[in-house]
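Understanding the architecture of this molecule
So you can see what is in the structure, the chains are spelled out below.
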Amino acid sequence: MPKIGITDTILRDAHQSQAATRMRISQMIPAFEKLDRVGYFSLECWGGATFDSCLRFLNEDPWERLRILRKGLPNTKLQMLLRGQNILGYKHYSDDVVDFFVKKTIENGCDIIRCFDALNDIRNMETAVKATKKHGGTAEVAMSYTISPVHTEDYFVKLAAEIVKMGADIICIKDMANLLLPYSAYSLVKRLKAETGLPVVLHTHNTTGTGDMTYLKAIEAGVDVVDTALSPMANGTAQPATESLVATLQDTEYDTGLDLRLLIELAGYFRDVATELNKEGHRDPEMVLSVDANTLLYQVPGGMLSNLISQLKQANAIEKYYDVLAEVPRVREDFGYPPLVTPTSQIVGTQAVMNVLGGERYKMASKESKGLLRGEYGRLPAAVNEEVRRKVIGDEQVITGRPADDIPPELDKYREEIRDYYQQEEDVLSYALFPQVALKYFQYRQAGQLGVDSTMLDKEQKVMPV
């Protein structure tokens, strides 16, 4: 019987979406033995915002975290999220840095690298995908799903054909704002399966409350793998719940084959972890679990909504919230309809706030807005508003080629800059991505103030309490 694969996000996107990426490796280790017995297609456990959070907030070495995950989960494929030429940072890096990052990621234990680009600019993913294949990893290439006059079903089918040519092993539909509705999912998955010949993965959230229905229709259309999260940190801004979907599919032709009792035991453990994160102030259940239909209207992802609220509160202008929400689609249209995902969601959102509070649209423009309109992030999906572009960047030349072609090799420069702190090859990558944060971490490390070390797996309780 055909089986549906499950990628569980409890160790990465679930707590990134609900608890500001604050789950520590010490909170994960007790669940390893049972997680490793489940039989998931993969566990998404690294990348995204975890790298930054490890260094900035948890005083952990993200590379050591990956090594501990690999050692503790020997029978499960480990997966990460990579932002193409941005790697895990917020700018484009040189090709030698991208290649070395992918090499060390695979060497340290990651099996599947899910690579995406905020603009769906294939050129920004080429180096990362080639490196993944070269160094023995599985290249899962994601399409950032959104809706606009240019983002039609035909657009995504054409994009998938380009992804196949690039050498992808798997295609992922990355629906970061939960905009892909059930019947649209059925139609898109049907076409991707028929026209690409590759396995298809679907990733969504439950922000608009449609995630479970979207998965069910996608499964009926032939999707191979879906992303879910164990229930204590599922739904709302995170993925639909693993246990619910596994129970729904039991004894059908789509049976996942996963042990529901084992999943419920794991949920019991992570319920305690979620409670700890609540007490620490990293997770607000009321906020992260509510359904927000504004996403369907304004196409603003949940994380972006909280950023907008924060910016307006800081400016003592929370009463302008709905004005800003209405401005977001207008800015997005002016900017050529970029999908709203890191970093474009922050760029468009911040510009919408500036337009509303400034009293005149584009009277002020952020450095990032200028960069986006200048082509620094890649090719925008549609034509931009040229009047807006002139107002923001004047007569500056627009980059039309692959942005990384203008970046010379950087690895040797970074190595020289951290020679006083260098302890492992991976340090140069931590520094390249987050220079100030990494230096602070290196100083803590020299002082012996670490949040994670190589013996932690042996020291921590290895098995969850019954």
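Treat the numbers as computed from the prediction; the structure is a model and nothing was measured. (Residues numbered from 1 in each chain as written. Predicted model: local features only at pLDDT ≥ 70, side-chain atom pairs only at ≥ 80, totals over all residues. Heavy atoms only, no water.)

1. A word on the packing of helix α11 (residues 242-249) against helix α12 (residues 260-279)
Angle between the axes and distance between the axes are the two parameters that describe a pair of packed helices. Between α11 and α12, the shortest axis-to-axis distance is 10 Å and the interhelical angle comes to 165 degrees. If you check the angle between α11 and α12, you find them roughly antiparallel. The crossing of α11 and α12 is left-handed. Judged by residue contacts, T242, E243, V246 and A247 of α11 engage L260, L263, I264 and A267 from α12. Taken together, the residues of the contact of α11 with α12 sort by class into 6 nonpolar, 1 polar and 1 charged. (Axes fitted to C-alpha atoms, helices over the stretch in contact; angles between N-to-C directions. Helix = DSSP H or I, 4+ residues; strand = E, 2+ residues; numbered from the N terminus. Parallel < 35°, antiparallel > 145°, perpendicular 65-115°, else oblique. Left-handed = near helix turned anticlockwise from the far one by under 90°. Contact = heavy atoms within 4.5 Å. Nonpolar A, V, L, I, M, F, W, Y, C, P; charged D, E, K, R; others polar.)

2. As for empty space enclosed by the protein
Under the counting rule described, the total for this entry stands at 1 cavity of 30 Å³ or more. Together, N86, H92, D117, A118, L119, P343, T344 and Y377 line the largest cavity. In the lining of the largest cavity, the residues fall into 4 nonpolar, 3 polar and 1 charged. (1 Å grid on protein atoms, 1.4 Å probe; cavity = no way out; pocket = protein on both sides within 12 Å on 5 of 7 lines; lining within 4 Å. Points joined across faces, edges and corners; volume = space filled by probe spheres on them.)

3. Describing unusual backbone geometry
Glycine aside, a negative phi is what most residues show, and trans is what most peptide bonds show. Geometrically, the link from T342 to P343 is a cis peptide bond, its omega value of 5 degrees lying close to zero. Checked against the element boundaries, P343 lands in the loop between α16 (321-334) and α17 (344-358). Phi at N120 takes a positive value of approximately 60 degrees, unusual for a residue other than glycine. Take N120: its relative accessible area is 6%, and that puts it in the buried class. (Buried < 20%, exposed > 50% of the residue type's maximum accessible area, 1.4 Å probe, protein only.)

4. Re the side chain of Q79
Within the secondary structure layout, Q79 lies in strand β3 (residues 78-82). Every residue in contact with Q79, bar those within four places of it in the chain, is listed here: T7, S42, L43, E44, C45, W46, C110, I112, R114 and E140.

5. Let's talk about helix α8 (residues 153-166)
One turn of an α-helix holds 3.6 residues; hence residues three or four places apart share an orientation. Here α8 spans 20 Å end to end across 14 residues, near enough to the 20 Å set by a 1.5 Å rise per residue. Of the positions making up α8, those classed as buried are F156, V157, L159, A160, I163 and M166. Down the axis of α8, the buried set is contained in an arc of 165 degrees. They therefore lie on one face. Exposed and facing more than 90 degrees away from the buried side of α8 are D154, K158 and K165. Packed against the buried residues of α8 are α7 (126-134), β5 (138-144), β6 (170-175) and α9 (182-196). Backbone geometry just after α8 places G167 at a positive phi near 100 degrees. (Expected span 1.5 Å × (residues − 1). Arc of directions from axis to C-beta.)

6. What about the layout of surface pockets?
Over the atoms, a rolling probe the size of a water molecule traces out where space has been left empty. By volume, the second largest pocket is sized at about 500 Å³. Lining of the second largest pocket is provided by 27 residues; of these, Y90, K91, K367, E368 and Y377 occupy positions nearest its centre. Secondary structure elements with two or more residues in the lining of the second largest pocket: α17, α18 (367-374) and α21 (427-433). Broken down by element, the lining of the second largest pocket gets its largest block of residues, 5 residues, from α18.

7. Details of the pattern of salt bridges
Scanning the entire structure with this criterion turns up 39 salt bridges. A salt bridge links R56 to D52; the shortest N-O distance between them is 2.8 Å. With R56 and D52 both in helix α4 (residues 50-58), this residue pair falls 4 residues apart, about one helical turn. In this structure D52 comes out as buried when scored by relative accessible area, which is 10%. Between D227 and R114 there is a salt bridge; the shortest N-O distance is 2.8 Å. Of the two residues, D227 is situated in strand β8 (residues 225-228) and R114 in strand β4 (residues 112-115); the sequence distance between them amounts to 113 residues. Like D227, the residue R114 is buried in the burial classification. One continuous salt-bridge network, built from bridges that share partners, spans D61, E64, R67, K103, K104, E107, E425 and E426. (Salt bridge = Lys/Arg side-chain N within 4 Å of Asp/Glu carboxyl O.)

8. Here's the deal with the nonpolar core
Core analysis: the biggest nonpolar cluster contains 104 residues, and L11, L35, F101, I173 and F270 have the highest contact counts within it. The leading source of residues in this core is α12, at 8 residues. When neighbours within four sequence positions are excluded, L11 is seen to be in contact with M23, M28, L35, L43, E44, C45, L69, L73 and F270. (Core = buried A, V, L, I, M, F, W, Y, C linked by side-chain atoms within 4.5 Å.)

9. Remarks on the sheet that holds β5
Reading around the circumference, β1-β2-β3-β4-β5-β6-β7-β8 is the order of the 8 strands in this closed barrel, with parallel pairing throughout. Adjacent strand axes in the sheet meet at a mean angle of 30 degrees, parallel and antiparallel pairs treated alike. Of the strand pairs in this sheet, strand β1 (residues 5-8) and β8 are connected by 4 bridges, and their pairing is parallel. By the bridge assignment for β8, I6 is matched with V226. Here α7 sits on the sheet and contacts β3, β4 and β5; the angle it forms with β5, its principal contact strand, is near 160 degrees. Taken strand by strand, α9 contacts β5, β6 and β7 (200-204), and its axis lies near 160 degrees from that of β6. (Pairing = 2+ DSSP bridges.)

10. A closer look at the packing of α9 against helix α10 (residues 211-221)
Two numbers describe how α9 lies on α10: the axes approach to 8 Å, and their chain directions differ by 30 degrees. Classed by the angle they form, the pair α9 and α10 counts as roughly parallel. When you trace α9 past α10, the crossing you get is right-handed. Within the contact between the two elements, α9 uses P182, Y183, A185, Y186, V189, K190 and K193 and α10 uses M213, T214, K217, A218, E220 and A221. A breakdown of the residues in the contact of α9 with α10 according to their chemical character gives 8 nonpolar, 1 polar and 4 charged.

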